[in-house]
Amino acid sequence: MSALASATLTVGQMLADSAVSLAAAGIAEPRREARLILALALGIEPATVLGWPERPVEPRQAAAANALVARRVQGEPVSRLRGRREFWSLDFALSPDTLDPRPDSETLIAAALADIADRGAALRVVDFGTGTGCLLLALLSELPRATGHGIDISPGAVAVAEENAAALGLAGRAAFQVGGWGTRIDGLADVILTNPPYIGTGELGRLPPEVLAFDPRAALDGGMDGLSAYGALGAAIRRLLGPAGKAYIEIGAGQSLQVTGVLREAGLMVTAVRRDLAGIERCVVATL
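As a starting point, this report considers the structure included with it. Note that residues are indexed from 1 along each chain, following the sequence as it is written. Given that this is a predicted model, residues contribute local features only at a pLDDT of at least 70 and side-chain atom pairs are listed and counted only at 80 or more, while totals for whole chains, interfaces and linings are drawn from all residues. Note that the side-chain values use all heavy atoms of the structure and ignore hydrogens as well as water.

## Observations regarding the overall build of the protein
- Counting its secondary structure elements, the protein contains eleven helices and nine strands.
- Projecting the C-alpha coordinates of the protein onto the three principal axes gives extents of approximately 65 × 40 × 35 Å.
- Out of the 288 residues belonging to the protein, those deemed buried represent 49%.
- In the protein, once contacts between residues fewer than 6 apart in sequence are set aside, the share between residues at least 24 apart is 65%.
- Accessible surface area values rest on a Shrake-Rupley calculation with a 1.4 Å probe, where residue burial reflects the displayed protein chains alone. Counting only carbon and sulfur atoms, one obtains 55% of the accessible surface of the protein, whose full area is about 12900 Å².
- Charged residues are defined narrowly, with Lys and Arg counted positive, Asp and Glu counted negative, and His plus the chain ends left uncounted. Taken as the charge location is NZ of Lys, CZ of Arg, CG of Asp or CD of Glu. Averaged over its 26 positive side-chain charges, the protein has a centre that lies 2 Å from the centre of its 31 negative ones. Helix numbering and strand numbering both begin at the N terminus, where a helix is a DSSP run of H or I of at least 4 residues and a strand a DSSP run of E of at least 2. The rule is simple: take the accessible area with a 1.4 Å probe, protein chains only, and divide by the maximum for that residue type; under 20% is buried, over 50% is exposed, in between is partly exposed. Between two residues, a contact is recorded if the distance between any of their heavy atoms is within 4.5 Å.

## Some words on the sheet that holds strand β4 (residues 147–152)
- Strands were regarded as paired on the criterion that DSSP finds at least two bridges between them. Spatially, the seven strands line up as an open sheet ordered β5-β4-β3-β6-β7-β9-β8, and their pairing is mixed. Because the sheet does not close on itself, it has two edges, and the strands there are β5 (174–178) and β8 (269–275). Sheet twist, expressed as the mean angle between neighbouring strand axes with direction ignored, is 20°.
- Where strand β7 (residues 241–250) lies against strand β9 (residues 281–287), four bridges are found, and the strand directions are antiparallel. Along β9, the bridge assignment pairs Glu250 with Cys283.
- Interaxial angle, 0 to 180 degrees, is taken between N-to-C directions of lines fitted to C-alpha atoms, where a helix line uses only the stretch in contact. Lying on the sheet, helix α10 (residues 228–240) is in contact with β3 (124–128), β6 (189–194) and β7; it crosses β7 at an angle near 155°.

## Points about helix α1 (residues 11–24)
- Given a helix with a known number of residues, its expected span is that number minus one, times 1.5 Å. Compared with the 20 Å implied by 1.5 Å per residue over 14 residues, the 20 Å span of α1 between its first and last C-alpha is a close match.
- Val11, Met14, Leu15, Ser18, Ala19 and Leu22 are the residues of α1 that are buried. Burial along α1 is one-sided: seen end-on, the buried residues are contained in an arc of 130°. Facing away from the buried side of α1 by more than 90 degrees, the exposed set consists of Val20 and Ala24.
- Where α1 is buried, its residues contact α2 (30–42), α3 (46–51) and α4 (59–73). In this description, one arc is meant: the one made by directions from the helix axis to the C-beta atoms.

## So, the nonpolar core
- Residues belong to a common nonpolar core when they are buried Ala, Val, Leu, Ile, Met, Phe, Trp, Tyr or Cys residues joined through side-chain atoms within 4.5 Å. Counting residues in each nonpolar core, the largest one holds 33 residues, and the members touching the most others are Ile109, Leu139, Phe176, Leu193 and Tyr248.
- Those elements that provide at least two residues to this core are β2 (90–93), α6 (106–115), α7 (134–142), α8 (155–167), β5, β6 and β9.
- Take this core: its biggest share by element is seven residues, from α7.
- What Leu139 contacts, discounting residues up to four positions off in sequence, is Ile109, Ala112, Leu113, Val125, Val191 and Leu193.
- In terms of nonpolar packing, the next biggest core, distinct from the first, is built from 29 residues, Ile199, Leu204, Ala247 and Leu268 among them.

## Details of the layout of surface pockets
- Of the two site types, the cavity is a set of points on a 1 Å grid over the protein atoms alone where a 1.4 Å probe fits but cannot get out, and the pocket is an open set with protein on both sides within 12 Å along at least five of seven lines, each lined by residues with an atom within 4 Å of a point. Grid points are joined across faces, edges and corners, and a volume is the space filled by probe spheres set on the points. Taken as a whole, the largest pocket encloses approximately 600 Å³ of empty space.
- Looking at the largest pocket, it is lined by 28 residues, and the ones nearest its centre are Arg32, Leu36, Val78, Ser79 and Arg85.
- Secondary structure elements with two or more residues in the lining of the largest pocket: α2, α5 (78–82) and β1 (84–87).
- Broken down by element, the residue count for the lining of the largest pocket peaks at five residues, all from α2.
- Classifying every residue of the lining of the largest pocket gives 13 nonpolar, two polar and 13 charged.
- What the second largest pocket holds in volume is close to 390 Å³.
- If you trace the second largest pocket, you find 25 residues lining it, with Gly129, Gly131, Asp152, Asn195 and Ala219 closest to the centre.
- Every element with two or more residues in the lining of the second largest pocket is listed here: α7 and β4.
- Residue composition of the lining of the second largest pocket, grouped by class: twelve nonpolar, ten polar and three charged. Under the scheme applied, nonpolar residues are Ala, Val, Leu, Ile, Met, Phe, Trp, Tyr, Cys and Pro; charged residues are Asp, Glu, Lys and Arg; polar residues are all the others, including Gly.

Encoded structure:
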């Protein structure tokens, strides 16, 4: 009988059994992930899992942990199990309607902040494909007088973004609406942020199961060449960007030259390409 099925479980036994199950499923760093999952199921800190291995566990807690481990074995990432993800040191709720934010996208925030000379200015920010609202809300958290507008085609994503804005105390400076790349809004933007879908349709099957099975396909599929969103985005940026404004556009690995060409055809100038922490070109900076 598995230790997880025992009525006299301890945290240490659960950790060992969970790590074995995760390792057998090919999960990287199985003991670390087991610790995070058990902490979630038991309502304790991950450090407590290691520091109090003899702690007894009630059968209902064991059942909850077992269920979470089974979901992880099937490929569901820990962030989806938690329903939350940290981004730019802020906590964001997730849902099946939202992309799971990744550290690569923080490149856009770092690039924008590096270009903003006065962080106390009353800037206006627009975020296309806002998802959880992570890009817009992360930037607003650094700009105390800025306001923002997030747009997403998914009503469910917009609801999550609004929830995140409220939880972060930013609801008064952030508005969200359902719409696409061509959505018209009043006024001009000082900063435009966007993380469009940029995976080629034929490449989707090569994505890790944690991504392909749990992120919304619309947030991943960039058409046959992965570039289908950039033309419409270029037109939207051309229409909405203020004279001194800048747009920060996420791209996939190896796409900088192609995206630059598409944006130039839309009447924009690409002034910089920023790399993520892995050294991959991740963000194109465009101006009028």
